[in-house]
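Structure at a glance
Each chain, letter by letter, is given below.
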Amino acid sequence: MLTIGVLASGKGSNLQAIADYIKTEKLSVKVGAVLTDNPESSALAIAEKEGIDHLCIPEAEHKTFLSSATEKKYVETLKKCNVELVCMAGFMRVLKKDFMEEFPGKIINIHPSLLPAFQGLAAWEQALRYGVQFTGCTTHFVECGVDTGPVILQAVVPVLKEDTAETLHRRIQEKEHVIYPLTVRLIAEGRISLSGRRVYINN
Ligand code: GRF
């Protein structure tokens, strides 16, 4: 049984998708903790409903990252809950080296574009502004840097003529809810291997 911890700051729809998939597919995965920096995050209510341990650990000092003291609290809580794989799902803070070293090769993220295109915020708006025909979403291992790290799975979403930022983001999220749970499954089943920057998926 693989114990995962989910870090979220917003709606928590990926958390819900992962929790649902674990149940319907009877995966040998447990969501051991849900942590957020945002007391308003719906991830808290989702965790409550799903019977998952959850905690809001706010950060007052910084906006885009966590102070070392706060980071330590995250690490301690995750360790206390026996978390082996950290899944970032819309967590709006960049993790620092110290955090990363506590979970080497065991932190993943989802990003709403086909990385390495459109890193950073509101990637679906960037895609619309750029005028690409296709965008999508990516799961990847996390390394120091924003939205970098070896790519695990990607799904493609066509950009339609009538798309607004909202409709495009919604369709990207539908694909996120497919590839993020699948990524967790592949890791839990030991089917992901890494050679340099390349991820291989084994049968
Ligand atoms: C997703 O679009 C994800 O790609 C990005 O943040 C958003 C989180 O959505 N990193 P939700 O909170 O899981 O609904």
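Read on for a plain summary of the structure. Predicted, not measured: the structure shown is a model, and the values here were computed from it.

Definitions and limits used
Residues numbered from 1 in each chain as written. Predicted model: local features only at pLDDT ≥ 70, side-chain atom pairs only at ≥ 80, totals over all residues. Heavy atoms only, no water. Helix = DSSP H or I, 4+ residues; strand = E, 2+ residues; numbered from the N terminus. Contact = heavy atoms within 4.5 Å. Core = buried A, V, L, I, M, F, W, Y, C linked by side-chain atoms within 4.5 Å. Buried < 20%, exposed > 50% of the residue type's maximum accessible area, 1.4 Å probe, protein only. Domains from an automatic or database assignment. Expected span 1.5 Å × (residues − 1). Salt bridge = Lys/Arg side-chain N within 4 Å of Asp/Glu carboxyl O. Pairing = 2+ DSSP bridges. Axes fitted to C-alpha atoms, helices over the stretch in contact; angles between N-to-C directions. Phe/Tyr/Trp six-rings, centres within 6.5 Å; stacked < 30°, edge-to-face > 60°. Lys NZ or Arg CZ within 6 Å of the ring centre and 35° of its normal.

As a further point, take the environment of L186. Relative to the elements of secondary structure, L186 occurs in helix α6 (residues 165–188). In this structure the C-alpha to C-alpha distance between L186 and N203, which are 17 residues apart in sequence, comes to 9.5 Å. The contacts of L186, once residues within four sequence positions are left out, are L153, R191, I192 and I201.

I4 and I108 are the most contacted members of the largest nonpolar core, which totals 38 residues. Per element, the largest residue contribution to this core is 7 residues, and it comes from α6. In this structure, this core is formed jointly by two domains, domain 1 (1–104) and domain 2 (109–203), each of which donates at least three residues. Discounting chain neighbours no more than four positions away, the residues touching I108 are L85, V86, C87, M88, H140, F141, V142, I152, Y180, T183, V184 and I187.

Okay, helix α1 (residues 13–24) next. Along its 12 residues, α1 runs 16 Å from first to last C-alpha, staying within 8% of the 16 Å computed at 1.5 Å per residue. Of all 12 residues that make up α1, 9 are buried, and the element is covered over most of its length. Listed in full, the buried residues belonging to α1 are S13, N14, L15, Q16, A17, I18, A19, Y21 and I22. At its buried positions, α1 is contacted by β1 (2–7), β2 (29–36), α2 (42–50), β5 (107–111) and α6.

Before going further, it helps to spend a moment on the side chain of T3. Of note, T3 is situated in strand β1. In this structure T3 comes out as buried when scored by relative accessible area, which is 10%. Aside from chain neighbours lying at most four places away, what touches T3 is K30, G32, C81, N82, V83, E84 and L85.

Okay, the pattern of salt bridges next. Tallied over the entire structure, the rule returns 10 salt bridges. Where K23 meets E50, a salt bridge forms, and the shortest distance between an N and an O atom there is 2.7 Å. Of this pair, K23 sits in helix α1 while E50 sits in helix α2, placing them 27 residues apart in sequence. E50 gets classed as partly exposed once you look at its relative accessible area, which sits at 22%. As a salt-bridge pair, R185 and E189 come within 3.0 Å of each other at their nearest N and O atoms.

Before going further, it helps to spend a moment on the sheet that holds strand β6 (residues 134–141). Overall, mixed pairing links the 7 strands, which are arranged β3-β2-β1-β4-β5-β6-β7 in an open sheet. On the outer flanks of this sheet lie β3 (54–56) and β7 (151–158), each paired with one strand and no other. Strand-to-strand twist in this sheet, taken as the mean axis angle between neighbours without regard to direction, amounts to 20 degrees. The pairing of β1 with β2 spans 6 bridges and is classified as parallel. In the sheet register, L7 faces β2, and the bridge partner there is L35. Lying over the sheet, α1 contacts β1, β2 and β5, oriented at roughly 165 degrees with respect to β2.

Turning our attention to the side chain of T77. Looking at where T77 falls in the secondary structure, it is placed in helix α3 (residues 68–80). Of the residues examined, T77 reaches a relative accessible area of 12% and is grouped as buried. For T77, the contacting residues outside a window of four places in its chain are L35, L55 and I57.

With that out of the way, let us pick up the packing of aromatic side chains. All told, the structure shown has 3 aromatic pairs when counted by the stated rule. Seen from their ring centres, F99 and F103 are 5.8 Å apart, and the 40 degrees between their planes marks the pair as tilted. By relative accessible area, which is 4% here, F103 ends up buried. Positioned above the aromatic ring of F103 is the side chain of K79, whose terminal nitrogen or guanidinium carbon lies 4.5 Å from the ring centre.

The analysis is restricted to geometry; functional conclusions fall outside its scope.
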